[in-house]
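# A closer look at the structure
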Amino acid sequence: MKTSKQKKLEAAGWQVGSTADFLELSEAEEMLVNMKLSLAAEVKTLRIQLNLTQQDLAKRIGSSQSRVAKIEVADKTVSFDLLVRSLAALGASRSHIGKIVGTRKSKLSSKKRLARQK
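The rules behind the values
- Residues numbered from 1 in each chain as written.
- Predicted model: local features only at pLDDT ≥ 70, side-chain atom pairs only at ≥ 80, totals over all residues.
- Heavy atoms only, no water.
- Core = buried A, V, L, I, M, F, W, Y, C linked by side-chain atoms within 4.5 Å.
- Buried < 20%, exposed > 50% of the residue type's maximum accessible area, 1.4 Å probe, protein only.
- Helix = DSSP H or I, 4+ residues; strand = E, 2+ residues; numbered from the N terminus.
- Contact = heavy atoms within 4.5 Å.
- Arc of directions from axis to C-beta.
- Axes fitted to C-alpha atoms, helices over the stretch in contact; angles between N-to-C directions.
- Parallel < 35°, antiparallel > 145°, perpendicular 65-115°, else oblique.
- Nonpolar A, V, L, I, M, F, W, Y, C, P; charged D, E, K, R; others polar.

## Some words on the nonpolar core
If you look at the biggest cluster of nonpolar residues, it comprises 19 residues, and the most contacted ones within it are Ile 71 and Leu 87. Every element with two or more residues in this core is listed here: α3 (27-49), α4 (54-61), α5 (65-72), α6 (80-89) and α7 (94-103). Among the elements that line this core, the one with the most residues is α3, at four residues. Those residues in contact with Ile 71 that sit more than four places away from it in its chain are Ala 40, Val 43, Ile 61, Val 78, Leu 82, Leu 83 and Ser 86.

This is the structure in structure tokens:
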């Protein structure tokens, strides 16, 4: 958010903070959310790079197309196990998965600011 916009919002009585602040997440909770989002984004990226449909991936992991759709948006019902199994089914190595988890930028960082009235 631009500094000028942030100042205007604050002057109007709005409080500006990150998504993690708004949701009152601990550092550990924020880290888990970011890891899950990164893994889910990579599932979609790899699937598309391999020219696979969600249905194709579903067959590979023994699941349904609707479940793959949930995987790709990091639905709260999707486990880390399913995310990792999906990546493995797409050919991702352990080191690749480790890099995904360790290097992606925070999805809930201070760059994405939310404003709420005090």
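## A look at the environment of Leu 46
Structurally, Leu 46 is set in helix α3. Given a relative accessible area of 13%, Leu 46 falls into the buried group. When the C-alpha positions of Leu 46 and Ala 92 are compared, they lie 8.5 Å apart, and in sequence the two are 46 residues distant. Residue contacts for Leu 46: discarding those within four places in its chain leaves Leu 87, Leu 90, Ala 92 and His 96.

## Points about α6
Three or more residues of α6 are buried, namely Leu 82, Leu 83, Ser 86 and Leu 87. All buried residues of α6 lie within an arc of 135° about the axis, which places them on one face of the element. Of the surrounding secondary structure, the elements contacted by the buried residues of α6 are α3, α4, α5 and α7.

## As for the packing of α4 against α5
Here α4 crosses α5 at 100°, and the two axes come no closer than 8 Å. On the basis of the axis angle, α4 is roughly perpendicular to α5. For the pair α4 and α5, the contacting residues are Gln 54, Gln 55, Leu 57, Ala 58 and Ile 61 in the first and Gln 65, Val 68, Ala 69, Ile 71 and Glu 72 in the second. Residues of the contact of α4 with α5, tallied by class, amount to six nonpolar, three polar and one charged.

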